[in-house]
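An overview of the molecular structure
Given next are the chains, with one letter for each unit.
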Amino acid sequence: TGKEERIQAVLVQLGKMLAMEPPMRIESFDISNISGTDIVASMVVFQEGKPKKSDYKRFKVEGLTDQDDYASMRQVVTRRFVHHKAGDKGFDEAPDLLLIDGGVAHACKAVEALRELDLDFPVFGMVKDDRHRTRALVTPEGREIRIDNNQAIFALIGNVQEETLCHYLSSPAAQQAAALFPAG
């Protein structure tokens with residue numbers, strides 16, 4: 001159909017922009033801290049440009065004594081791909097692209113985790129603008145690739161970012177924190 005063809009065209013454009021094959025499976029990770037104590041990571045999956053909610057995961061970060069986003073990201077990526085290497089159900093599919101909420105340092109921690117497991121997937125950090133929208137993707141080496149000048153890619157990455165946040169916000173831990181610390 002026309003919509004599916006447009007999505008495929010966007011994935012082809014994204015692949016060209018990132019110097020890779022069109023990413024049919026995109027996994028995105030975000031770390032969230034609840035009042036500085038409970039650290040939870042969300043992983044969402046987009047398959048052929050659409051959310052694949054059955055593959056979404058949440059990870060409770062374990063063993064850290066302080067709020068360390070970088071160590072948290074490394075731990076979560078390690079745990080996800082240890083399950084992948086073991087062939088565990090729900091973790092067996094390999095991503096074509098990893099999008100990491102945060103900049104260069106977050107992306108580097110994800111790459112370190114992958115290297116320890118002898119895995120290699122394209123990893124990019126998501127760089128936000130002043131309105132908290134992803135304006136660019138950044139390589140672990142620090143090269144920024146603007147996406148805000150391509151409306152279709154900007155929309156796709158924005159959807160991935162929004163879905164990652166919404167997945168976290170739907171977690172019991174986030175709902176409990178909202179009840180403890182209401183806005184206003």
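Because the structure is predicted, anything quoted here is derived from the model rather than measured.

Focus: unusual backbone geometry
Here the phi dihedral of Asp118 falls at roughly 55 degrees; this positive angle occurs in a residue that is not glycine. In this fold, Asp118 is placed in the loop between helix 3 (104-116) and strand 6 (123-128). Judged by relative accessible area, Asp118 falls into the exposed class, the value being 70%.

Quick notes on the pattern of salt bridges
What the rule picks out here adds up to 14 salt bridges. In this structure, Lys52 and Asp55 form a salt bridge, with 3.4 Å as the shortest nitrogen-oxygen distance. Since its relative accessible area comes to 10%, Asp55 is described here as buried. The salt bridge involving Glu144 is made with Arg135; its shortest N-O contact spans 2.7 Å. Overall, the relative accessible area of 26% leaves Arg135 in the partly exposed class.

Focus: the packing of aromatic side chains
Ring pairs (aromatic) are described by centroid distance and by the angle formed between their planes. Counted according to the given criterion, the structure contains two aromatic pairs. Lys57 extends its terminal NZ or CZ atom over the ring of Phe91, reaching a point 4.9 Å from the ring centre.

Focus on helix 3
Taking 1.5 Å of rise per residue, 13 residues should cover 18 Å, and helix 3 covers 18 Å from first to last C-alpha, within 8% of that figure. Of the residues making up helix 3, those classed as buried are His106, Ala107, Ala110, Val111, Ala113 and Leu114. All buried residues of helix 3 project into a common sector of 160 degrees when viewed along the axis, lining one side. Set apart from the buried face of helix 3 by more than 90 degrees, the exposed residues are Arg115 and Glu116.

Observations regarding the confidence of the model for the protein chain
Averaged over the protein chain, the pLDDT score is 87; the fraction of residues at 70 or greater is 86%. The lowest-confidence element of the protein chain is helix 5 (residues 172-180), averaging 45 in pLDDT; the highest-confidence one is helix 3, averaging 96. Scored below 50 in pLDDT, residues 174-184 shows seven contacts in the model against residues more than four places distant or in partner chains.

Conventions and cut-offs
- Residues numbered from 1 in each chain as written.
- Predicted model: local features only at pLDDT ≥ 70, side-chain atom pairs only at ≥ 80, totals over all residues.
- Heavy atoms only, no water.
- Helix = DSSP H or I, 4+ residues; strand = E, 2+ residues; numbered from the N terminus.
- Buried < 20%, exposed > 50% of the residue type's maximum accessible area, 1.4 Å probe, protein only.
- Salt bridge = Lys/Arg side-chain N within 4 Å of Asp/Glu carboxyl O.
- Phe/Tyr/Trp six-rings, centres within 6.5 Å; stacked < 30°, edge-to-face > 60°.
- Lys NZ or Arg CZ within 6 Å of the ring centre and 35° of its normal.
- Expected span 1.5 Å × (residues − 1).
- Arc of directions from axis to C-beta.
- pLDDT = per-residue confidence, 0-100.
- Contact = heavy atoms within 4.5 Å.

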